[in-house]
Every structure is written in structure tokens, then in C-alpha cells.
Amino acid sequence: PNSAKKVQPIFVSIDPARDSLKALRDYSKDFHPSYVFLTGAPEQVQAMAKKYRVYMSKADETEDGDYLVDHSIVIYFHDDTGDISDCFTQSMRPSDVVEKIVERMTFVPKY
């Protein structure tokens, strides 16, 4: 329980053209209130996607202007210094994710 208080979930949109701050605010209602939702200019989102090797591809728009964005689904777990400590995919069992997070947060090196 105390470790959970140290986790800050951050959701980063990869579709800044559609995901305005208002849209993200509305979307956030489906998530735990501790989530932080971020977006940015298209160039910033592209740079973030490149840095984290996120696959993303916008499909052709329909006649009414709607479209889908295909993307990788990965949760990146960072340590206290901001370095990536681990990453989790949608194919992992929740219990395995929890186990790895606890392991990363409680690891004490033995010298």
C-alpha cells in the first residue's frame, strides 16, 4: 500500500490532432483519478514515440472524417531518477505486472 502511493500513472496521447486537453479531460473520467494525461504538439509526440520506440500508424479517414490510430500498447515503468526500470505489455498477467513493480520498487543491491 505504501509503495502504491509512490506510483504516478501517466497517460500520453499519440493523437494530438484529436486528443485536445478537453477530450483528454473527458476521457480521464474512465480512469483512476491519480492519472495524469499528457499530449503535445505533433513534433513533441513524434519525438516521444521515437524515444520510446512506440509504433503508431494513422489509418485512412472515413468520409465523415473519423479514423483509427493503430499503436503499440506498452506501460513503461520508470525509477525515481526517471530511467526506465521495466516495461509491460498487454499480454502480461496483472499479477505478473504487480510482482515486477514490487520487485523494482523494493530491490536493495547487495554489495
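Residues numbered from 1 in each chain as written. Predicted model: local features only at pLDDT ≥ 70, side-chain atom pairs only at ≥ 80, totals over all residues. Heavy atoms only, no water.

Draft legend 1. Summary view of the overall build of the chain. Along the backbone of the chain there are three helices and six strands. Each helix and strand of the chain, ordered N terminal to C terminal, gives the series β-α-β-α-β-β-β-β-α. Taken over C-alpha atoms, the radius of gyration comes to 16 Å for the chain, far larger than the 13 Å a tight globule of 111 residues would show. A principal-axis box enclosing the C-alpha atoms of the chain has dimensions of 60 × 25 × 25 Å. (Helix = DSSP H or I, 4+ residues; strand = E, 2+ residues; numbered from the N terminus. Rg over C-alpha atoms; globule rule 2.2 N^0.38 Å.)

Draft legend 2. Layout of a nonpolar patch on the surface. A surface patch of nonpolar side chains, about 300 Å² in accessible area, is lined by Ile-10, Val-12, Val-36 and Leu-38. Those elements giving two or more residues to the nonpolar patch turn out to be β1 (10–12) and β2 (36–38). Secondary-structure assignment places Leu-38 in strand β2. (Patch = residues over 30% accessible without salt bridge, like charges linked within 9 Å, V, L, I, M, F, W, Y side chains within 5 Å. Areas by Shrake-Rupley, 256 points an atom, 1.4 Å probe, with all protein chains shown as cover. Salt bridge = Lys/Arg side-chain N within 4 Å of Asp/Glu carboxyl O.)

Draft legend 3. Layout of the pattern of salt bridges. Enumeration according to the criterion identifies nine salt bridges in this entry. A salt bridge links Asp-96 to Arg-93, with the shortest nitrogen-to-oxygen separation between them at 3.0 Å. For Arg-93, a relative accessible area of 53% translates into the label exposed. (Buried < 20%, exposed > 50% of the residue type's maximum accessible area, 1.4 Å probe, protein only.)

Draft legend 4. Region of the structure containing the pairing of strand β6 (residues 84–89). Bridge count for strand β5 (residues 74–78) against β6 is five bridges, and the pairing is antiparallel. Each residue of the ladder has a partner; that of Tyr-76, found in β6, is Cys-87. Between the end of β5 and the start of β6, which pair antiparallel, lie five residues, with Gly-82 showing a positive phi angle near 95 degrees. (Pairing = 2+ DSSP bridges.)

Draft legend 5. Structural view of the side chain of Asp-86. Mapping Asp-86 onto the fold places it in strand β6. Of the residues examined, Asp-86 reaches a relative accessible area of 10% and is grouped as buried. Side chain to side chain, Asp-86 and Lys-100 meet in a polar contact 3.3 Å long. Non-local contacts of Asp-86, meaning those with residues more than four positions away in its chain, are made with Ile-75, Tyr-76, Phe-77, Lys-100 and Arg-104. (Polar contact = N/O pair within 3.5 Å; in protein donor to acceptor, adjacent residues only side chain to side chain. Contact = heavy atoms within 4.5 Å.)

Draft legend 6. Region of the structure containing the confidence of the model for the chain. Of all residues in the chain, 99% attain a pLDDT of 70 or more, and the chain-wide mean is 90. By mean pLDDT, strand β3 (residues 56–58) is the weakest element of the chain at 90, and β2 is the strongest at 93. (pLDDT = per-residue confidence, 0-100.)

Draft legend 7. Spatial organisation of unusual backbone geometry. With a phi close to 55 degrees, Arg-53 is a non-glycine residue in the positive phi region. In this fold, Arg-53 is placed in the loop between α2 (42–51) and β3.

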